[in-house]
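# Breakdown of the fold
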Amino acid sequence: MVAQTPSSSQGVTPSQRPPPARPSAPSHTSTANFEESNTSTTQHHRVPSFSVQKASDPPVEAVAPKSPGYLSPRGHHSRSSSVGSTSGRELPFEITEDELLPRILPEDTECKLRITFDVRDGKPNQRQFIFPSRKAWVAPPSYEQLYQQIIGQLSTHKKEILQNPQNLGIEVYRRHGSCLVVGARHEGPYSVIEDYDAEVLEQKAIQNICGFIHLYPFEPFRLEICLHFSSIRKTPQEPDGKYFRMVTNEINSKMSDNNFLDQEFLPRIHRDQLTSAHIIEQILVEEPRHLPERFGTDRKSLSRVIVEKGASILFIACVCRYMEIDLILHLIFEHKYNDASLPQLGDDACPKASCDSSVKNLLKQLKAFFARSIECDGKRHGLEDDEVMPIMNIPNCSTGSKETKLGEGSYGSVTAVTIDHSHHYLTGDPDRTFALKKFTDHGDFAASFVREFSMLERLFRKKHPHIVTHITSWTQRNVHYILYPRATRNLRIHMKSHRSPGRSGVNVAWLLRQFNGLASGLRSIHEMTEEAPGMNQNNHFVYGYHHDIKPENILLFEHVEGRNPVFKLSDFGAGKFHIMPKNHFNKPSQQSSQLRGTLSYYGPEYRGSKTRPFDIWALACVFFEATIWFALPHNHLAIFQSLREEESRQIFGWRDDFYWRECGNGSAKIELRPAVTEYFALLGGELAKGPDEIGRLLLGMLDLIMECFKIQPQERPKVGELCDRLDELQKKAETLFKNFEREVSTPSGSSGHSVKSNDGNVSESEDFFTRSPSQRNHTFPEDQASHRHR
Ligand SMILES: Nc1ncnc2c1ncn2[C@@H]1O[C@H](COP(=O)(O)OP(=O)(O)OP(=O)(O)O)[C@@H](O)[C@H]1O
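As recorded by an unreviewed UniProt entry, the protein chain carries the name Serine/threonine protein kinase and is attributed to Capronia coronata CBS 617.96.

Here it is, written out as structure tokens:
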């Protein structure tokens, strides 16, 4: 008897295992004042009064606390909590929440509540209620009122559902709940709400708010509470109706559709409702036939034994396959199958008539009850053909296609997907969308997957804020998959479809942060200081290449739509890591094995030895184009490219748009294309205009870019130098433009007027506080790390 698939011990958790641990509900009772106001969606700047002191002390200037644990959960051991580093010393101050709260929390924190119902009028249908309200969270009764509001909405809609005679015997239950802090630029901590009562909300809201303030002390934020409710029939509609029929119908109606592989599955949350001891008992009780004597006559206690044996899902799955009850009991009691040890084909032949054929029939649908859970584990899993990943396609309404393509690369396609709420706790917003990259398993495609995954595996541990790291990966039916957070778009599309945000100090600081971030991301590949596993720890470095840097592979994560996005390096299919003895570290490195994709950004050495400077050249090309987009009128990028093409030698009628050319007849002499030098001059002239400080910074950046265009690879700056100099420029920009926070806090500081909405992402006018997180894109923990991560 086989228990589980070999892969099930790995991080894509088999469904038998519970989803990742969730915080437990506290036992505190709240009192709070929560007035509703639908009036405004404007954000509120809070006074950063964030000091740690005795409650009796006079207020002092804000100092961010050293530890996020400064506000311990109420209702635990004490109502006091300590702040600052303990390090063996006695803490100077003891603070209590009640004293500190008014000083930590803003006067009014906006709270948005989303309640979604999967109502059952034939097909599921969702409703949302958004309460944009200004709340004085410092006044504890707020939470109580919020709770009342939720309950009010719930009971109204419950009534609506239950008034329909069709819905007699329906129970409404919560599928998912989360409490999330959303900042103007970052997403903060979130918690899953187990129960929707006021105590839990208060607890989690305060914890998350405080965590957020600790991470981003000066950033405005709001609180978002998402509650998803569903309904299920747990009692037959007619008084004499059969439980067996009701369960079968419910399960069929709750089977998830639009799975990315067209596999049906029953989401865990519904499954758990329909496999309760009560339902099993009712099915056993209504069974008209006598059961074998060894099971006794007390069917109620028999149902309890089935639950104790951990076989309730198996029992219900068998019921759905119309299996005779005594055969189901035979599988559970004689074969000792249960939810953790499922029947499998090829198990010992059973002498009992119809046992084998029934198991065969059962297996066709069994995996639908055991869809996996998805965790951010960074691992690669092997799945059996019939295992179910709870991943759904997102239909593309404009094309009528059942999936939404995000990109098509040389080795596979990338599509937008969602994950069933009850099978992941990856983000605070259960409606988030993800990007799924597929590679077919022949020849080069499989090799590309292996290369990409082995790069990602190392990068996953580093979690650089400017590198797109994956969530998890698996191989099934000879197709390789990598699940990623979903970006808004790539830099190529952004530069085409969005105008420059304008050359204000705020935007210059933003651009330099992105350049510095990308260079620093590349540095973490070029100089991966991590010791190679299994090697003599002191003697080896791991270092690598990207070798496919281009605007298509810079993904943009727009935390708040229409605002300045974060640039991240992606697509490691051409990259490779090498292990090198430390004493060889400054010697020329080995070549990467693969080059692919667009040639435009290849350095002149591309036919020969391509090493780390090859990435520096390509990164400089990206910076150069981004600077053209940033500083010159919108059509200049296209003109720059066509000029480069015109300057190509047109061998065999083929035009290239490299940044360099071979000059003379067959001569080995290489020079920058005149278009590049022309644009350098044009940019220089343009950047010198306007305020001196901004001009100086941008010219400094331009000079640095040009240094990276040295024809001889060894003359280009190393990534470390690039980072140091960008860091310096960025720091200067941030000191000069201390008000850079305005880039997100005032509409005038917003980025990228949309040129056209060809990628569906426009609108900078809408205030971010009116948007739901599903309209934004991912931020994963790496986004919360410092942007000067090294
Ligand atoms: N996480 C993501 N979120 C949103 N879009 C994405 C994501 N990953 C990739 N894409 C889109 O898909 C395109 C192709 O992805 P990617 O570069 O990873 O594929 P590829 O097969 O390696 O491409 P190529 O070999 O041509 O560089 C990207 O340019 C981007 O537009």
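A count of helical and extended segments in the protein chain gives 19 helices and 23 strands. Accessible surface for the protein chain amounts to roughly 32,700 Å². Of this, 52% is attributable to carbon and sulfur atoms.

The next thing to look at is the domain arrangement of the protein chain. Looking at the assigned domains, one finds that the protein chain contains domain 1 (110-233), domain 2 (243-369), domain 3 (380-392 + 396-485) and domain 4 (489-744). Taken residue by residue, the interface counts nine residues in domain 1 and eleven residues in domain 3. For the pair domain 1 and domain 3, the two sides together bury roughly 960 Å², of which 46% comes from carbon and sulfur. Counting every contact that joins domain 1 to domain 3 gives zero salt bridges. For the pair domain 1 and domain 3, the number of links is two residue pairs in polar contact (both at pLDDT 80 or more). With four residues, the top contributor of residues to the side of domain 1 that touches domain 3 is strand β7 (residues 170-183). In terms of residue class, the side of domain 1 that touches domain 3 is made up of three nonpolar, three polar and three charged.

What follows is about the UniProt feature "binding site: ATP" (unreviewed entry) in the protein chain. Those places that UniProt annotates as "binding site: ATP" (unreviewed entry) correspond, in this numbering, to Lys437. Its place among the elements puts Lys437 in strand β14 (residues 433-440). Apart from the residues lying within four places of it in its own chain, the contact partners of Lys437 are Ser413, Val414, Glu452, His480, Tyr481, Ile482, Tyr484 and Asp571. Reaching out from Lys437, the side chain makes a polar contact with the side chain of Glu452 at a distance of 3.0 Å.

To continue, consider the sheet that holds strand β19 (residues 554-557). The sheet built from three strands is open, its strands ordered β17-β19-β20 with antiparallel pairing. The open sheet has two edge strands with one neighbour each: β17 (489-490) and β20 (566-569). Pairing of β17 with β19, which is carried by two bridges, proceeds in the antiparallel orientation. By the bridge assignment, Asn490 is partnered in β19 with Leu555. Packing of helix α13 (residues 505-526) onto the sheet brings it into contact with β19 and β20, and relative to β20 it is tilted by some 20°.

The subject of this paragraph is the nonpolar core. Formed by 80 residues in total, the largest nonpolar core has its most connected members in Phe624, Tyr659, Phe709 and Leu726. For this core, the element with the highest residue contribution is helix α14 (residues 612-631), accounting for 15 residues. Per-domain counts for this core show at least three residues from each of domain 3 (380-392 + 396-485) and domain 4 (489-744). Setting aside chain neighbours within four positions, we find Leu726 in contact with Leu512, Phe515, Asn516, Ala519, Phe623 and Leu704.

Further remarks concern unusual backbone geometry. Notably, His547 is not glycine yet its phi reads approximately 65°, a positive angle. Take His547: it is sitting in the loop between β18 (540-545) and β19. Taking relative accessible area as the criterion, His547 reaches 1% and is therefore assigned buried.

Moving on: the packing of helix α15 (residues 636-646) against helix α16 (residues 674-688). α16 packs onto α15 with a crossing angle of 150° between their chain directions and a minimal axis gap of 9 Å. Relative to α16, the element α15 is oriented roughly antiparallel. For the pair formed by α15 and α16, the contact residues are His636, Ile639, Phe640, Leu643 and Arg644 on the first element and Ala675, Val676, Glu678, Tyr679 and Leu682 on the second. Counted by class, the contact of α15 with α16 contains seven nonpolar, one polar and two charged residues.

Strand β3 (residues 109-117) sits mainly inside the fold: nine of its nine residues count as buried. By the alternation rule, side chains of β3 split into Thr109, Cys111, Leu113, Ile115 and Phe117 and Glu110, Lys112, Arg114 and Thr116, which are all buried. Taken together, the eight bridges between β3 and strand β9 (residues 221-233) define a ladder with parallel strand orientation. Residue pairing across strands places Glu110 opposite Arg222, the latter belonging to β9.

Considering the arrangement of structural elements, one finds Ala626 in helix α14. According to the relative accessible area criterion, Ala626 is buried, its value standing at 0%. Separated by 131 residues in sequence, Ala626 and Met495 place their C-alpha atoms 7.5 Å apart.

Turning next to helix α6 (residues 277-286). Of all the ten residues making up α6, seven are buried; the element is thus mostly covered by neighbouring parts of the structure. Within the span of α6, buried status applies to Ile279, Ile280, Glu281, Gln282, Ile283, Leu284 and Glu286.

Secondary-structure assignment places Asn564 in the loop between β19 and β20. Judged by its relative accessible area of 9%, Asn564 is buried. A polar side-chain atom of Asn564 sits 3.0 Å from a polar atom in the side chain of Asn507.

Calculation rules
Residues numbered from 1 in each chain as written. Predicted model: local features only at pLDDT ≥ 70, side-chain atom pairs only at ≥ 80, totals over all residues. Heavy atoms only, no water. Helix = DSSP H or I, 4+ residues; strand = E, 2+ residues; numbered from the N terminus. Areas by Shrake-Rupley, 256 points an atom, 1.4 Å probe, with all protein chains shown as cover. Domains from an automatic or database assignment. Contact = heavy atoms within 4.5 Å. Buried area = accessible area lost by both parts, 1.4 Å probe. Salt bridge = Lys/Arg side-chain N within 4 Å of Asp/Glu carboxyl O. Polar contact = N/O pair within 3.5 Å; in protein donor to acceptor, adjacent residues only side chain to side chain. Nonpolar A, V, L, I, M, F, W, Y, C, P; charged D, E, K, R; others polar. UniProt positions renumbered as here; feature names shortened; annotations may be inferred. Pairing = 2+ DSSP bridges. Axes fitted to C-alpha atoms, helices over the stretch in contact; angles between N-to-C directions. Core = buried A, V, L, I, M, F, W, Y, C linked by side-chain atoms within 4.5 Å. Buried < 20%, exposed > 50% of the residue type's maximum accessible area, 1.4 Å probe, protein only. Parallel < 35°, antiparallel > 145°, perpendicular 65-115°, else oblique.

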